[in-house]
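Structure assessment
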Amino acid sequence: MNKAVKKIILKTKKQVYGDMLGNNASMFQGEGFEFAELREYVYGDDVRKIDWKTTAKLSKPFVKIYKEERELNVAVVTMLSGSTYFGTVKQKSELIAEITGVLGFSAVKNTDLFSHILFADKLYEISKPSKKLFSVHKAVEDAVNFSPIGKEGDFKALVETLHNRLKKKTLLFILSDFIGEIDLKLLSKKHDVFAVMVRDRFEEDPSELGYLRLIDMESKKSFEGNIDSGTLKNYKKALHDNDETLYRQFKKHGIRFTKIYTHEEPYVKLMKSMR
């Protein structure tokens, strides 16, 4: 286990199990419950459980009642395409490995089953569901040691693979920079999907760089060009349109999502997003 892996494991384990944060509610609180029935609201019920659609129809408040499931199946998918080999503060691939540690340790701490899936242009690793800390160590190590250069992210293959492999309902975290044509509708029909968009501020708001020779880290092809204001305007619009299309899809299919930048603290951002 190299220093980079040890550093991430120690940091994320301390955050999840540490004294300062140890008394926090589980990051997955409220996920391990299955809908059972509707009943009329009584004083003292959690207002967050009000079913507003039924309430509007019957003109009086109704709440959703849940029965607790025995355990959660938590799966973390690291989509490590060549585009994740970039970052001004830290590489996006490194941040993805760190997020994997946070989610993995949180699942194990909550006595849930944790599994890790490493994907890029194809499936590279898929672990068996486990409640052992070692499974998280292995996931972080696999993510850190994986070389994304020259690998193009294939989301269509990812969706097909997960649809066929994941037989039980799963709380599914997909970690990627989410650039390109992506459709998670099929997965959202069966699983609780949470998209974690990993980005670097510079890639969303780059400055004029002049004439450069660049390399596409997915195709390994090089190209030259003048990165002027006109080029940047078109680039920013394309990325903005990409994200707006994603957001609409996520909202339509009930997919929760958050965006974490390479300069941000993923544990804090995830805690806020999961509540």
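Let me begin by describing the structure that accompanies this report. (Residues numbered from 1 in each chain as written. Predicted model: local features only at pLDDT ≥ 70, side-chain atom pairs only at ≥ 80, totals over all residues. Heavy atoms only, no water.)

1. As for the overall build of the protein chain
Summing up its helical and strand segments, the protein chain has nine helices and ten strands in all. Here the protein chain holds 275 residues, and the buried ones make up 44% of them. Taking the intrachain contacts of the protein chain between residues at least 6 apart in sequence as the baseline, contacts between residues at least 24 apart amount to 69%. Of the roughly 15500 Å² of accessible surface on the protein chain, 52% is carried by carbon and sulfur atoms. (Helix = DSSP H or I, 4+ residues; strand = E, 2+ residues; numbered from the N terminus. Buried < 20%, exposed > 50% of the residue type's maximum accessible area, 1.4 Å probe, protein only. Contact = heavy atoms within 4.5 Å. Areas by Shrake-Rupley, 256 points an atom, 1.4 Å probe, with all protein chains shown as cover.)

2. Comments concerning the pairing of strand 5 (residues 123–126)
Pairing geometry for strand 4 (residues 113–119) and strand 5, over three bridges, is antiparallel. When the bridges of strand 5 are listed, phenylalanine 119 appears paired with leucine 123. The turn linking strand 4 back onto strand 5 is made up of three residues. (Pairing = 2+ DSSP bridges.)

3. Remarks on the nonpolar core
In terms of nonpolar packing, the biggest core is built from 36 residues, with Ile99, Leu103, Phe114, Phe173, Leu175, Val196 and Leu270 touching the most fellow members. Those elements giving two or more residues to this core turn out to be helix 1 (3–17), strand 3 (73–79), helix 3 (92–109), strand 4, helix 4 (133–145), strand 6 (171–176), strand 7 (192–199) and helix 9 (266–274). Top contributing element to this core by residue count: helix 3, with nine residues. In terms of nonpolar packing, the next biggest core, distinct from the first, is built from 24 residues, Met79, Leu166, Ile174 and Leu184 among them. (Core = buried A, V, L, I, M, F, W, Y, C linked by side-chain atoms within 4.5 Å.)

4. Some remarks on the pattern of salt bridges
Taken as a whole and assessed by the stated rule, the structure comprises 15 salt bridges. With a shortest N-O distance of 2.7 Å, lysine 11 and glutamate 98 are connected by a salt bridge. Of this pair, lysine 11 sits in helix 1 while glutamate 98 sits in helix 3, and the two are 87 residues apart along the sequence. The exposure class of lysine 11 is partly exposed, given its relative accessible area of 30%. The shortest N-O distance in the salt bridge between glutamate 204 and lysine 259 comes to 2.8 Å. Within this pair, whereas glutamate 204 is found in helix 7 (residues 201–204), its partner lysine 259 is found in strand 10 (residues 256–261), the two being separated by 55 residues in sequence. Taking relative accessible area as the criterion, glutamate 204 reaches 19% and is therefore assigned buried. Through salt bridges with shared partners, one network takes in Lys11, Lys90, Glu98 and Glu265. (Salt bridge = Lys/Arg side-chain N within 4 Å of Asp/Glu carboxyl O.)

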